[in-house]
Amino acid sequence: MRVAFLVNDLQLSGGVGVVVQHARQLSTLAGWDVTLVLVRDEEGPSWHGYEHLPHLHVRSREQAHSEHYDIAVATWWETTFTLFELEADRYAYFVQSLEDRFYRHDEAERLGAALTLDLPVSFITEASWIRATLAGLRPDARCYLVRNGIDKDVFSALEQPPLNTDDPLRVLIEGSPGSWFKHVHGAIHAAAAMREPHHVTVVCGDRKALGDVVADEIVGPLSHREMAALYERSDVVLKLSSVEGMFGPPLEGFHRGATCVVTPVTGHEEYVEHGWNGMLTDWDDLRGTARQLDLLARDRELLHFLRTNALETARAWPSWQQASQFMAAALLRIRREPPPAAGAGAARLLADLRSGIEVYGGHLHERMDYARRATRFERPLAQLRERRSGRVLLAAKGNRVVKIVAYPLRPLTGRARRLLS
Amino acid sequence: MSDWQERITHETAPAIRAEHELRYRLAAPIILAGGSWADLGCGNGLAAAAALGDARPAHALLVDVEEDAVARAAQELAIADAKMIAADLTDPAELRQVRDALLALPAEPVVSCFEVVEHLSSFVPLLEFSVELARDQGVTFVISVPNDAFWSINNPHHRTSWGEGAFEELQQLLPAEHTLMRQVALSGSAMVGWSAAPEVHELAVRVGGDGMVATHFIAAFGPRHGELRAAALAVQADMAEQRRWERERESNAAIAQAMVGEQGAVLRAQEATIAKQTRELREQTAQFDGWRTYIHELERELGRPLAGSAEAMAAEAGGSAGEPPTQQPPPPAEPPA
C-alpha cells in the first residue's frame, strides 16, 4: 500500500506532528510504504531522525509528480492545491480542524479553507465533532474517525499523580500567543487574577508575540520530553482556546498527572468531564476562571481527585500504535471503495463560492465607500499641507495641550466632519 | 484464580465465567441453527461448552494462538467434526489458512471472536479478514472487546485499549449492516430454602438507562447479525472461593510487604557497612600516607631513591645487573595529608 501524506513543511508541531506520527507508524506495517510530500516549493526534503525506517520517505512536490500512489492524503487546506496533481488511485483529506475558523471574517483564506471541504474526496478526521460537522456539510462523502494517539513513551502515564498539599497551585499555560484563537494572554490574565497562592508557568515558542506578561516562569520552546517533565511538575493545565481540533495538550497533561481548566472548546468532549477529571469554565470569563483555579488551590482533595481521574482517563487513551491501526484500516477501506463521483460536492462548492463572492463583494463595496470618503478629506488636507500655516496646524494636532483645549470643541468639529463627508 | 483472567479455567471466579458464558449464550442460537461454527481465540472452550449446554453444532473450527489451548477446547467441547488450528491472527498468511478452513465448512459459518482483538499487536488483518468474509462469503461474526476505559488498569496482556471512543472507531469500519450491544455487570442476591437444596429462580432484571457502564462492547455483522437477542445470566457467587482468593491475596501481599521490609533492612545494613568500610579505607589511606612520608624521609637521610619512584625502580632493576644506585639528591617529601 503506497500512501502519500501532503504537508506544507516538517515543523513537528500540531497538525504536522500528528501526520508524521501516523506516517511513522504506518511505515512499520508489513506491506506499507509511506511518503511525506512537501508541497511548498521552498521546503527542501531534509529530514532527520527516521532514517532507520526504510518505508518512510520524504519527497518534494516535483519528485512526487513522477510517482504513483494508492492513496494521496491532503492534511491541511493549502495542501489540497497539490492533491490532484499527484497520480493516485484514491484521494483523501485528513481534516484536523475546520480550518476556516483559524482566519477572521475578512480574510480571504477563510473562504479558501472552507471551500476545500467541498472537494470530491473521502474524509478522515481526528475528532467526533469534526466528523459530525462533516456529516452535516457533506452527507454524500464518507468520513472515517481516527482519533489521535498519545506518544506513551514520552507522555507515559504515571502510576499515581504527584501529591501537592501545601505548595502554591502550579498552573501551566501553553499555546501560541500569536494565534488569536488560543487566547494565551486571556489565560495569563485569569491566572494572574487568582487570590490563592499560585505559580504560573507559560510555555511559549514565540517570546516576541507573548510580550510582557505576568508569570512566574516563561519557558520554551520545549521538546516533547521537556514538556512531559513540565506537565508532571504542574497541577493544572489552563487552556482557554476558542478553536481546537482534537485538543491534545490537556490530555498529555493527564498522562503526567495534571488536571485541567478549559473552555468548552470543540474537542474537549472527547475526554474532559467537568468535575471528574477536569473543570470547564465559561467563555470570556476570566474572573470566573480565576475563581475555579482558586477553588483548586484551596481544596486540595478536589485537586487530587481530579488529577487521579485524569490519570485514569489517560490510561485508557490509545497509543499512536493503536491510532495508526485505525488509520491503516480507514485507508484500506478508502482504497477498496469506489472513488467519489467527480461531481460530488460540486453543487455545494459552487453554492459556497457564490456565498463567498457575495460576502467579499459586500466587503469590497464597503471598503470602496471608505476610500471614496477618504479621498474627500485627502484633497483639502493636501492643500493644507502645501501651506506653512497648514503644516503648523497639522503638527499642533498631535500636541497634548492642543488636544485638551480642542476637546470641548469636538461637537463643532464633528459637525464639520459630517458636512465634509 | 487465573492471572489477569486472560484464560478461563475451572478456577476462574463464577462472575467472570458467567460474563464469558453470556457472550457465547448470545451467539449460541445462531451457532446451533447454522450448523457450522468457528471460534477464534477459543481458549479452553469452557465458556462455550457451558453456553451450548448439551447441544453442539455439527461442524466446528477451533482457533487459538496456543496449540495446547485448542486441544483442551476440542476435548471440552467434544464436537465430532471439529478442526483445530493454532494460528496467530495478526499474520495474514495464517489468517489465509483460517479462511480456507472456514470456507471449507459445509454451511455458512457463524464465527465467535470474544476478547481477542485487545490481545493482538495489530487488529487490522483480522478486521480486514472478517469484513471481507462477512461481505463476500456470507459469514456472520460476533466479536467483543472489553471497556478498558472504565477499569483504569494497565493490563500487561492488552496490546490495545478499548473504550466508547475506540469502539466507535471500530464500528465505522464494520459493514453498514451490523448489530451492537453493551454488556453490563449485574449484582444481586437470592433466597434459598433452609436445606440449601439446588433450585432455579426465574429473574426479571431491569438493565440499561442513565449511569449504565458497559463492561464489554459486542458487535455482530454478516447475514445473521440481526438474529442476536439481548440476554442476561446470573450465577450463584462462590463466596467461599472469593473469600479464599481474597485471603490468599492479603496473605501474599503481607508476605511480599514483609519481604520488601526485610530487603530494605538488609539494604540499609549493607549501606551502613559500605559507609563504615569507606571510612576505614580513608583512615588507612591517611595512615599509609603518613608511613610513606616517614619512609621517604628516612630514605632521603640515607641518600637512597624514594621507594616507589621511577628512580628506585630503575635502581632495583639495575642493581640486579650490577649497576650502582643513583646519587642524585631526592626532591623534598610532601607532608602527609
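Quick caveat: nothing in here was measured; it's all calculated off a predicted structure.

1. Some thoughts on helix 4 (residues 108-115) of chain A
- Those residues of helix 4 of chain A that fall on the buried side of the exposure criterion are A:Leu111, A:Ala113 and A:Leu115.
- In this structure, the buried residues of helix 4 of chain A make contact with helix 13 (346-386) of chain A.

2. Topic: the interface of chain A and chain B
- Contacts between chain A and chain B engage 19 residues on the former and 24 residues on the latter.
- Between chain A and chain B lies a buried interface of about 2100 Å² when both sides are counted; carbon and sulfur atoms form 47% of it.
- Inspection of the region where chain A meets chain B yields four salt bridges.
- Between A:Arg333 and B:Glu128 there is a salt bridge, and its shortest N-O distance comes to 3.6 Å.
- Inspection of the region where chain A meets chain B yields eight residue pairs in polar contact (both at pLDDT 80 or more).
- Looking at the side of chain A that touches chain B, the elements with two or more residues in it are helix 5 (128-137), strand 7 (143-145), helix 11 (300-316) and helix 12 (320-336) of chain A.

3. Remarks on the nonpolar core
- The biggest cluster of nonpolar side chains holds 72 residues, and the ones touching the most others in it are A:Phe5, A:Leu331 and B:Leu40.
- In terms of residue count, the dominant contributor to this core is helix 12 of chain A (nine residues).
- Formed by 28 residues, the second largest nonpolar core is a distinct cluster that contains A:Tyr93, A:Leu98, A:Leu119 and A:Ala141.

4. Observations concerning the pairing of strand 1 (residues 36-40) of chain B
Residues and elements named next belong to chain B.
- Within strand 1, five of the five residues are buried, which leaves it mostly tucked inside the rest of the structure.
- Burial along strand 1 is two-sided: the residues Ser36, Ala38 and Leu40 and Trp37 and Asp39 are all buried.
- Relative to strand 2 (residues 59-64), strand 1 runs parallel, the two being bridged by five bridges. Note on strand 2: the bridge partner recorded for Asp39 is Leu62.
- Note that the unit made of strand 1, helix 2 (residues 46-52) and strand 2 has a crossover that is right-handed.

5. Examining unusual backbone geometry
- For the peptide bond that leads from A:Gly220 to A:Pro221, omega is 0 degrees, which places it in the cis range.
- Structurally, the position occupied by A:Pro221 is in the loop between strand 10 (217-219) and helix 8 (224-232).
- Its identity is not glycine, yet A:Asp284 carries a phi of approximately 55 degrees, on the positive side.
- For A:Asp284, the location among the structural elements is in the loop between strand 13 (279-280) and helix 10 (286-298).
- Positioned with a positive phi, B:Glu115 is a non-glycine residue whose angle comes to about 55 degrees.
- With respect to the helices and strands, B:Glu115 occurs in the loop between strand 4 (110-114) and helix 5 (124-136).
- Exposure remark for B:Glu115: the relative accessible area of 13% places this residue in the buried category.

6. Regarding the sheet that holds strand 12 (residues 259-262) of chain A
Residues and elements named next belong to chain A.
- Read across the open sheet, the six strands follow the order 10-9-8-11-12-13; overall the sheet is parallel. On the outer flanks of this sheet lie strand 10 and strand 13, each paired with one strand and no other.
- Here strand 8 (residues 169-174) pairs with strand 9 (residues 198-203) via six bridges, running parallel. From the neighbouring strand, Leu172 faces strand 9, where its bridge partner is Thr201.
- In this fold helix 8 packs onto strand 8, strand 9, strand 10 and strand 11 (236-239), with an angle of close to 145 degrees to the strand it touches most, strand 8.

7. Describing the domain arrangement of chain B
- Taken domain by domain, chain B comprises domain 1 (14-186 + 209-237) and domain 2 (239-307 + 330-337).
- For domain 1 of chain B and domain 2 of chain B, the distance between their C-alpha centroids amounts to 59 Å.

8. Some details on empty space enclosed by the protein
Residues and elements named next belong to chain B.
- For the structure on display, the rule yields three cavities of 30 Å³ or more.
- In this structure, the largest cavity encloses a volume near 80 Å³.
- For the largest cavity, the full set of lining residues is Leu40, Cys113, Val117, Phe123, Leu126, Leu127, Ser130, Phe141, Ile143, Leu170, Leu174 and Phe221.
- Those elements giving two or more residues to the lining of the largest cavity turn out to be helix 5 and strand 5 (140-146).
- Per-element tally for the lining of the largest cavity: the top contributor is helix 5, with three residues.

9. Side note on the packing of helix 4 (residues 92-103) of chain B against helix 5 of chain B
All names here are of chain B.
- At a minimum axis distance of 11 Å, the contact between helix 4 and helix 5 shows a crossing angle of 25 degrees. With respect to each other, helix 4 and helix 5 are oriented roughly parallel. As helix 4 runs across helix 5, the sense of the crossing is right-handed. Residues Leu95, Val98, Arg99, Leu102 and Leu103 of helix 4 form the contact with helix 5, whose own contacting residues are Pro125, Leu126, Phe129, Glu132 and Leu133.
- Taken together, the residues of the contact of helix 4 with helix 5 break down into eight nonpolar, no polar and two charged.

10. Some words on the pairing of strand 8 of chain A
All names here are of chain A.
- Note on the crossover from strand 8 through helix 6 (residues 184-192) to strand 9: the handedness is right-handed.
- Pairing between strand 8 and strand 11: three bridges, direction parallel. Counted as the bridge partner of Ile173 is Leu238 from strand 11.

11. As for the pattern of salt bridges
Residue and element names in this part refer to chain A.
- Applying the stated criterion to the full structure yields 35 salt bridges over all chains.
- A salt bridge links Asp70 to Arg335; the nearest nitrogen and oxygen atoms lie 3.4 Å apart. With Asp70 in strand 4 (residues 68-74) and Arg335 in helix 12, this residue pair connects regions lying 265 residues apart in the sequence.
- Residue classification places Arg335 among the partly exposed residues on the basis of a relative accessible area of 27%.
- In this structure, the salt-bridge partner of Arg256 is Glu232, at a minimum N-O distance of 2.6 Å. Remark: Glu232 occurs in helix 8 and Arg256 occurs in the loop between helix 9 (249-255) and strand 12; sequence separation between them is 24 residues.
- Owing to a relative accessible area of 9%, Arg256 belongs among the buried residues under this scheme.
- On the basis of relative accessible area, Glu232 is assigned to the partly exposed category, the value being 30%.
- One network of salt bridges, in which partners are shared, links Arg2, Asp33, Arg59 and Glu67.

Rules used throughout
Residues numbered from 1 in each chain as written. Chains lettered and ligands numbered in written order. Predicted model: local features only at pLDDT ≥ 70, side-chain atom pairs only at ≥ 80, totals over all residues. Heavy atoms only, no water. Buried < 20%, exposed > 50% of the residue type's maximum accessible area, 1.4 Å probe, protein only. Helix = DSSP H or I, 4+ residues; strand = E, 2+ residues; numbered from the N terminus. Contact = heavy atoms within 4.5 Å. Buried area = accessible area lost by both parts, 1.4 Å probe. Salt bridge = Lys/Arg side-chain N within 4 Å of Asp/Glu carboxyl O. Polar contact = N/O pair within 3.5 Å; in protein donor to acceptor, adjacent residues only side chain to side chain. Core = buried A, V, L, I, M, F, W, Y, C linked by side-chain atoms within 4.5 Å. Pairing = 2+ DSSP bridges. Right-handed = clockwise from strand over helix to strand, strands pointing away. Axes fitted to C-alpha atoms, helices over the stretch in contact; angles between N-to-C directions. Domains from an automatic or database assignment. 1 Å grid on protein atoms, 1.4 Å probe; cavity = no way out; pocket = protein on both sides within 12 Å on 5 of 7 lines; lining within 4 Å. Points joined across faces, edges and corners; volume = space filled by probe spheres on them. Parallel < 35°, antiparallel > 145°, perpendicular 65-115°, else oblique. Left-handed = near helix turned anticlockwise from the far one by under 90°. Nonpolar A, V, L, I, M, F, W, Y, C, P; charged D, E, K, R; others polar.

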